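# An overview of the molecular structure
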Amino acid sequence: MIIKQKSRLLLVLMVFTTSIIGLGDRFLFGDDTFQPIFDGHSLEGWEGKSEFWRVEDGAIVGETTPDKPTQGNTFLFWKQGLVDDFELVLQYRLRNHNSGIQYRSKDFGDYVAGGYQGDIHDGKFAGILYEERGPRGIMAKRGERVTFSTHGKKQVGEPIGNPDELLKHIKNGDWNE
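Parameters at a glance
- Residues numbered from 1 in each chain as written.
- Predicted model: local features only at pLDDT ≥ 70, side-chain atom pairs only at ≥ 80, totals over all residues.
- Heavy atoms only, no water.
- Core = buried A, V, L, I, M, F, W, Y, C linked by side-chain atoms within 4.5 Å.
- Buried < 20%, exposed > 50% of the residue type's maximum accessible area, 1.4 Å probe, protein only.
- 1 Å grid on protein atoms, 1.4 Å probe; cavity = no way out; pocket = protein on both sides within 12 Å on 5 of 7 lines; lining within 4 Å.
- Points joined across faces, edges and corners; volume = space filled by probe spheres on them.
- Helix = DSSP H or I, 4+ residues; strand = E, 2+ residues; numbered from the N terminus.
- Nonpolar A, V, L, I, M, F, W, Y, C, P; charged D, E, K, R; others polar.
- pLDDT = per-residue confidence, 0-100.
- Contact = heavy atoms within 4.5 Å.
- Phe/Tyr/Trp six-rings, centres within 6.5 Å; stacked < 30°, edge-to-face > 60°.
- Lys NZ or Arg CZ within 6 Å of the ring centre and 35° of its normal.

Turning our attention to the nonpolar core. Residues Ile 37, Phe 38, Trp 46, Phe 52, Trp 53, Ile 60, Leu 76, Trp 78 and Val 83 constitute the largest nonpolar core, which totals 9 residues. Within the second largest apolar cluster, 5 residues are counted, among which are Leu 90, Tyr 92, Leu 94 and Ile 101.

Within this model, the largest pocket holds a volume of roughly 800 Å³. Lining the largest pocket are 26 residues, with Tyr 92, Gly 118, Asp 119, Gly 127 and Glu 177 sitting closest to its centre. Going through the elements one at a time, β9 (88-91), β10 (98-109) and β11 (112-121) are the ones with two or more residues in the lining of the largest pocket. It is β11 that provides the largest number of residues to the lining of the largest pocket, a total of 5 residues. Of the residues assigned to the lining of the largest pocket, the class counts are 15 nonpolar, 7 polar and 4 charged.

The next subject is unusual backbone geometry. Residue Asp 57 is not a glycine yet carries a positive backbone phi of 50°. The class of Asp 57 is exposed, set by a relative accessible area of 80%. At Asp 110, a position not held by glycine, the phi torsion is positive, near 55°. Within the element layout of this structure, Asp 110 appears in the loop between β10 and β11.

Take the confidence of the model for the chain next. Predicted coordinates in regions of low pLDDT should not be interpreted in detail. The share of residues in the chain with pLDDT of 70 or more is 81%, and the mean pLDDT across the chain is 81. The low-confidence segment residues 1-10 (pLDDT under 50) makes 51 contacts with residues lying over four places distant or belonging to another chain. Every residue in residues 15-25 is under pLDDT 50, and counting partners more than four places away or in other chains gives 66 contacts.

A complete count under the given rule lists 2 aromatic pairs for this structure. Cation over ring: Arg 133 sits above Phe 108, and NZ or CZ is 5.2 Å from the ring centre. The ring centre of Phe 148 lies 4.8 Å from the NZ or CZ of Arg 136, which sits over that ring.

What follows is the structure, given as structure tokens:
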């Protein structure tokens, strides 16, 4: 991954329903070294609603509960810089249902984002590309290779993997990279 200080990467984490996601993450720069974007101790450089986000045991945790619900998706925004091409490496653990990572997304204010989302889910939607707050919804299912024309027409190409086989590699309730 190469990071260039040109265009803004809006990297956000989503918390939805009663989910917890832990994150240890870093970016790969052009010299083949990864640079951390999370210090493992604090949410310095990140912004979100503090009632849903915290650091616990070296991981970013987003959590809603029956006593502390959210009225919609709420996101944690990475605010540490501008990037162009990048590779994000992370570990996640989902304890209940649904979450995701937004990238190259738009900040709608009040910690709401729209744009590309890598879905983190406990089943059917795990590993899909979803367009949050956009007209396309599910852009690519797990294992699909897709392109979109400049007019927005979706074309499905040769698959990159079998969706059922790929799903077998996701460890529900445990850490995944």
